[in-house]
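Chain by chain, the residues run as shown.
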Amino acid sequence: MNTMNQETAQLLQQIGIEKSDLSWTTQVVLILAILLVSYLTTLIFRHLIMPAVRKITARTKATWDDYLFNDQMMKASCRMIPPITWYIMLPFAFDDKSAYLLQILLKICLIYLIITALMLIKCFLDSLYEISSEHEALKNRPLKGIYQMINLVSIGIGIILIISVLIDRNATAILTGLGASAAILMLIFKDSILGLVAGVQLSANDMLRPGDWITMTKYGADGYVIEVSLTTVKVQNFDKTITTIPPYALVSDSFQNWRGMRECGGRRIKRSLFIDMTTVHFCTPEEVNQFVQKGWITAPTEGNEPPVNLHVFREYALKYISNHPEVNHNLMQMVRQLQPTTEGIPVEIYCFSNTPDWIPYETLQGEIFDHLIAMIPEFGLHIFQRPAGTDFQPNEKNEFITSK
């Protein structure tokens, strides 16, 4: 401060003003001149520099400069002109007798400058987020939480600098004093710290992206990720409700991400038909001739045992899904028999649709099983089904017997 006062005094002496004994009229004139200079400088920046920068960025082919020099960034930069001008020029308007008042005004200018710098940093981070949101390699990364954490750290540094200006102490000394209360700060900002670490892990391991369909039963989440921030991950469920999940819960707990299903271009169909065991038998000669005529099997050679009707059905079902136009033929297709149960013999259809979209997938699944259920009687088979009340009919002795 003393060095600045000496340089200011020498400059004022060169223009014929004695700084050691300024009259109040001279001080008022100098203050008004400083305010006029800051106003004119701000005016020039707004009406000359800002339009020129807009024209330059509009002519370039790159898009990143349109975000870095947008209106918010330029206005935030413009806000820094008055405190910088005042801080530099105020010492010209005060003599040695008003050194205390000058010191207070300079502190106010520094605090004002720190606040405007924080606003500029926030606008810069917002611009970076917009750039990354449109970048092919970065738009699906959960970077919002990282930008929020950088902004939070800059605000913390700004608060420390403001405190150091107010108490006229070095910022490093304040940071040293805060070391004793680090445990309290960690407790206060626990969610933010855990969210930052989790956000870095989610991004580095590519575990989660905005737009992914995830399922996390513990938190009742089953839908699409719409936002990944520092403290929450927002999931829009299929019933249009919003579920919020802490980011660190996605790292510490397990969740199901359906992105792989979308990337492979198909959705799995895995459903079983339960066949009544009593209807499984070797095909009769009439059935064999019928199946051969329909092209379901080839004519058996003499000496071989006749095929089993369930085997013929499985071969038919496999051929049906293999020729279906809406089944993804690049992925696995299988018809298999599972372990028999008290409900019958499960025959599982395993294949993939050629689209991951929900409605076409359900339509295809229904179409396949509607066809197979309708075709099962052609093979002499029956679907196992628990009897209902309508399946029992009274006889002449009023004894209920099954209608089958």
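Residues numbered from 1 in each chain as written. Predicted model: local features only at pLDDT ≥ 70, side-chain atom pairs only at ≥ 80, totals over all residues. Heavy atoms only, no water.

Trainee: Go over the packing of helix α4 (residues 71-79) against helix α5 (residues 81-89), please, and point to the residues and values.
Mentor: Taken N-terminus to C-terminus, the directions of α4 and α5 make an angle of 20 degrees; their axes are 4 Å apart at the nearest point. Between α4 and α5, the angle falls in the class roughly parallel. In this structure, α4 contributes S77, C78 and R79 to the contact, and α5 contributes I81, P82 and P83. Its residues placed into classes, the contact of α4 with α5 shows 4 nonpolar, 1 polar and 1 charged. (Axes fitted to C-alpha atoms, helices over the stretch in contact; angles between N-to-C directions. Helix = DSSP H or I, 4+ residues; strand = E, 2+ residues; numbered from the N terminus. Parallel < 35°, antiparallel > 145°, perpendicular 65-115°, else oblique. Contact = heavy atoms within 4.5 Å. Nonpolar A, V, L, I, M, F, W, Y, C, P; charged D, E, K, R; others polar.)

Trainee: Which residues make up the side chain of E348, and what values go with them?
Mentor: When you line up the elements, E348 lands in strand β8 (residues 345-352). A polar contact is formed between the side chain of E348 and the side chain of K270, at a distance of 3.3 Å. In terms of polar contacts, E348 uses its side chain to reach the side chain of R336, at 2.6 Å. (Polar contact = N/O pair within 3.5 Å; in protein donor to acceptor, adjacent residues only side chain to side chain.)

Trainee: I'd like a rundown of the packing of aromatic side chains, residues and numbers included.
Mentor: Going through the model one piece at a time under the given rule, you end up with 12 aromatic pairs. Considering the side-chain rings of W86 and Y112, the 6.0 Å spacing of their centres and the 40 degrees angle between planes classify their relative orientation as tilted. You can see W86 sitting in helix α5 and its partner Y112 sitting in helix α6 (residues 99-134), a full 26 residues away along the chain. The partly exposed category is assigned to W86, whose relative accessible area is 25%. (Phe/Tyr/Trp six-rings, centres within 6.5 Å; stacked < 30°, edge-to-face > 60°. Buried < 20%, exposed > 50% of the residue type's maximum accessible area, 1.4 Å probe, protein only.)

Trainee: Let's hear about the sheet that holds strand β1 (residues 213-216): which residues, and what values?
Mentor: Taken together, 5 strands build an open sheet; the order of strands is β4-β3-β2-β1-β5 and the sheet is antiparallel. The open sheet has two free edges, formed respectively by β4 (242-245) and β5 (256-257), since each of these has just one partner strand. Direction of pairing for β1 relative to strand β2 (residues 221-228): antiparallel, over a ladder of 4 bridges. Across the sheet, residue M216 finds its bridge partner in β2, namely A221. (Pairing = 2+ DSSP bridges.)

Trainee: Now, about a nonpolar patch on the surface: what can you tell me, with residues and values included?
Mentor: A surface patch of nonpolar side chains, amounting to about 430 Å² of accessible area, comprises I155, I159, I163, L166 and I167. Along the chain, the position of I167 falls in helix α7 (residues 144-167). By relative accessible area, I167 is classed as partly exposed at 47%. (Patch = residues over 30% accessible without salt bridge, like charges linked within 9 Å, V, L, I, M, F, W, Y side chains within 5 Å. Areas by Shrake-Rupley, 256 points an atom, 1.4 Å probe, with all protein chains shown as cover. Salt bridge = Lys/Arg side-chain N within 4 Å of Asp/Glu carboxyl O.)

Trainee: Break down the pairing of β1 for me, with residues and values.
Mentor: Residues W213 and T215 line one face of β1 and the alternating positions I214 and M216 line the opposite face, and both faces are buried. The hairpin turn running from β1 into β2, its antiparallel successor, is 4 residues long, and G220 in that turn takes a positive phi close to 70 degrees. Where β1 meets β5, 2 bridges bridge the pair, whose relative direction is antiparallel. Opposite T215, over in β5, you have Q256 as the bridge partner.

Trainee: Can you lay out the pattern of salt bridges for me, pointing to particular residues and giving the numbers?
Mentor: Should the charged atoms of two oppositely charged side chains come close, the side chains can pair. According to the stated counting rule, one finds 8 salt bridges in the structure shown. Notably, a salt bridge pairs K270 with E348, separated by 3.3 Å at the nearest N-O pair. Of this pair, K270 sits in strand β6 (residues 268-275) while E348 sits in strand β8, and the two are 78 residues apart along the sequence. Of the residues examined, K270 reaches a relative accessible area of 41% and is grouped as partly exposed. Of the residues examined, E348 reaches a relative accessible area of 3% and is grouped as buried.

Trainee: So what about unusual backbone geometry? Which residues, and what values?
Mentor: Positive phi, normally seen in glycine, also occurs at K240, with a value near 75 degrees. Residue K240 is classed as exposed on the basis of its relative accessible area of 63%.

Trainee: Residues and numbers for the packing of helix α2 (residues 24-59) against α5, please.
Mentor: At a minimum axis separation of 9 Å, α2 and α5 run at an interaxial angle of 145 degrees. Here the hand of the crossing between α2 and α5 comes out right-handed. On the side of α2, the interface is formed by I34, L35, V37, S38, T41, T42 and F45, while α5 contributes I81, P82, T85, W86 and M89. (Left-handed = near helix turned anticlockwise from the far one by under 90°.)

Trainee: Residue-level account of the sheet that holds β8, with values.
Mentor: With antiparallel pairing, the 3 strands of this open sheet are ordered in space as β6-β8-β7. Each having just a single partner strand, β6 and β7 (334-337) make up the two edges of the open sheet. Averaged over all adjacent pairs, the angle separating strand axes in this sheet is 20 degrees, with direction ignored. The pairing of β7 with β8 spans 4 bridges and is classified as antiparallel.

Trainee: An account of α2 is needed here, citing residue identities and associated values.
Mentor: In an α-helix, one turn spans 3.6 residues; hence positions three or four apart end up facing the same way. The end-to-end C-alpha separation of α2 is 52 Å, in line with the 52 Å expected for 36 residues at 1.5 Å each. Along α2, the helix axis deviates most sharply at F45, where the bend reaches about 35 degrees. The set of residues buried in α2 consists of Q27, L30, I34, S38, T42, F45, M50, V53 and T57. Contact partners of the buried residues in α2: α3 (64-68), α4 and α5. (Expected span 1.5 Å × (residues − 1). Bend = angle between axes of the 7 residues up to and from the residue.)

Trainee: Run through helix α15 (residues 358-375), naming residues and quoting values.
Mentor: Counted at 1.5 Å a residue, the expected span for α15 with its 18 residues is 26 Å, and the 26 Å between its end C-alpha atoms agrees. Looking at α15, one finds that the buried residues are Y361, L364, Q365, I368, F369, L372 and M375. Each buried residue of α15 lies within a common arc of 130 degrees when the element is viewed along its axis, so the set occupies one face. Exposed and oriented more than 90 degrees from the buried face of α15 are I359, D370 and A374. On its buried face, α15 is in contact with β6, α14 (309-322) and β8. (Arc of directions from axis to C-beta.)

Trainee: Please give an account of the nonpolar core that cites residues and values.
Mentor: Of all hydrophobic cores here, the largest spans 30 residues; its most connected members are F313, I349, I368, L372 and F379. Only β6, α13 (285-293), α14, β8 and α15 provide two or more residues apiece to this core. Ranked by residues supplied to this core, first place goes to α14 with 7 residues. Dropping the residues within four chain positions of it, F313 is found in contact with L273, V347, L372, I376, F379 and L381. Counting 13 residues, the second largest nonpolar core, distinct from the first, contains L208, A221, V233 and V235. (Core = buried A, V, L, I, M, F, W, Y, C linked by side-chain atoms within 4.5 Å.)

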